[in-house]
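Each chain is listed here by its residues.
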Amino acid sequence: MIPFIGCILLIVIGLYGIITKRNLIKIAIGFCMVEYGVNLLFAFIGFKKDALAPIITSPNSPLNFVDPIPQALVLTAIVIGLGTTAVMLSLIIRIYQKYKTLDINEIRKLKG
Amino acid sequence: MIEIYLLVIAMLAAAIVAIEIKDLLASAVSMGIVGFSVAIMFILVQAPDLAIVQIVVEILTVVFFAATILRTTHTDTTIQKGIQREGIFPVIAFFIFGTLVTVLAIYALKDLPRFGMPIMKVAEHYIVHGLNQTGATNIVAAIILDYRGYDTFGEAVVLFTSVLGVLTILRVKGRK
């Protein structure tokens, strides 16, 4: 149970960064934290005690494996997370070039 | 088991440092610590494919963050001492959302199987018949490339779209 609670705490820390921080890069880091927390939670749910990684090494070996389905889902999610992070960071670069600041309060004040 | 507990504690500490520190480059490096502890934990829960992908993606993420910080500013100027008037509302919002997420997560954790004993009804079919049906010895590869191939195709489309998006946003001058 404790590893699951660790993942939930990581998600809550990311939420804290997203909601309370006013720097755009800190907000992007908060998004990354939430993503890591969710990925790790999936990998922990599929873990089986004293089992092997789901790779068949010989035809007659016993099929005592961890759950492969969460791993397949998370593999997709990790790569998509990289794509969203890259788009977020390029938007941040553009916003800085236009407003010369990363403070979201300043950006809200400067119109046009 | 003790390694996983220690890594979880290190990860949470690095996450708090990454959110709170004033220097943005140090913040990106702390985020790298979180990502690499996640990769080590993937190895400990017997997910080598995930660990490989996580290491590559983590390196790329830290490089992207470093490039962004080098093009913008190094210090977080929004951190100030004491509580300002405009800083109260986000803190209240965080407490409401944070308690909501925590309470709902505790309810959800009650219904989950215990750590180390997953329910493997669907996975049983993939494990027993995967080698005969797909010919792949790595069951994760069999799932992502054969049973759920359309999912992976969609993932490639999303990645391509994000590359197009980054190139469009960062293009220096537009066409006339």
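Residues numbered from 1 in each chain as written. Chains lettered and ligands numbered in written order. Predicted model: local features only at pLDDT ≥ 70, side-chain atom pairs only at ≥ 80, totals over all residues. Heavy atoms only, no water.

A.B. asks: I'd like a description of the overall build of chain B, backed by residues and values.
C.D. replies: The helix and strand tally for chain B stands at seven helices and zero strands. Start at the N end of chain B and walk to the C end: the helices and strands fall as α-α-α-α-α-α-α. For 176 residues, the compact-globule estimate of 2.2 N^0.38 gives 16 Å, and chain B exceeds it by more than 25% at 21 Å. Taking the principal axes of its C-alpha atoms as reference, chain B extends roughly 60 × 55 × 30 Å. For chain B, the proportion of its 176 residues judged to be buried stands at 35%. (Helix = DSSP H or I, 4+ residues; strand = E, 2+ residues; numbered from the N terminus. Rg over C-alpha atoms; globule rule 2.2 N^0.38 Å. Buried < 20%, exposed > 50% of the residue type's maximum accessible area, 1.4 Å probe, protein only.)

A.B. asks: For the pattern of salt bridges, give the residues involved together with the corresponding values.
C.D. replies: The full count for this structure, using the stated rule, is two salt bridges over all chains. Of the charged contacts in the structure, one is a salt bridge between Glu20 of chain B and Lys21 of chain A, with a shortest N-O distance of 3.3 Å. In this pair, Glu20 of chain B is assigned in helix H1 (residues 2-20) and Lys21 of chain A in the loop between helix H1 (2-20) and helix H2 (24-45), connecting two distinct chains. What makes Glu20 of chain B partly exposed here is its relative accessible area of 35%. Look at Lys21 of chain A and you get buried, because its relative accessible area is 10%. (Salt bridge = Lys/Arg side-chain N within 4 Å of Asp/Glu carboxyl O.)

A.B. asks: So, the environment of Gly30 of chain A: which residues are in play, and what are the values?
C.D. replies: Summarising the element assignment, Gly30 of chain A is placed in helix H2. A relative accessible area of 0% places Gly30 of chain A in the buried class. For the pair Gly30 of chain A and Leu15 of chain A, spaced 15 residues apart in the sequence, the C-alpha separation amounts to 6.4 Å. Beyond its immediate sequence surroundings of up to four residues, Gly30 of chain A is in contact with Gly14 and Ile18 of chain A together with Ile19 of chain B. (Contact = heavy atoms within 4.5 Å.)

A.B. asks: Run through the interface of chain A and chain B, naming residues and quoting values.
C.D. replies: Contact residues are listed per partner, giving 72 residues for chain A and 88 residues for chain B. For the pair chain A and chain B, the summed buried surface comes to about 7600 Å²; carbon and sulfur atoms form 79% of the total. The largest contributions to the chain A side of the interface with chain B come from Lys26, Tyr36 and Phe47 of chain A, which together make up 9% of the buried area. Where chain A touches chain B, the interface holds one salt bridge. Joining chain A to chain B, the criterion identifies eleven residue pairs in polar contact (both at pLDDT 80 or more). Where the side of chain A that touches chain B is concerned, the elements lending two or more residues are H1, H2 and helix H3 (68-99) of chain A. Looking at the side of chain A that touches chain B residue by residue, the classes come out as 51 nonpolar, 13 polar and eight charged. (Buried area = accessible area lost by both parts, 1.4 Å probe. Polar contact = N/O pair within 3.5 Å; in protein donor to acceptor, adjacent residues only side chain to side chain. Nonpolar A, V, L, I, M, F, W, Y, C, P; charged D, E, K, R; others polar.)

A.B. asks: Tell me about the nonpolar core, residues and numbers included.
C.D. replies: With 68 residues, the main nonpolar core has Phe44 of chain A together with Phe42 and Phe65 of chain B as its most contacted residues. Among the elements that line this core, the one with the most residues is H2 of chain A, at eleven residues. The contacts of Phe65 of chain B, once residues within four sequence positions are left out, are Ile25, Ala28, Ile29, Cys32, Thr85 and Leu89 of chain A together with Ala28 and Met31 of chain B. (Core = buried A, V, L, I, M, F, W, Y, C linked by side-chain atoms within 4.5 Å.)

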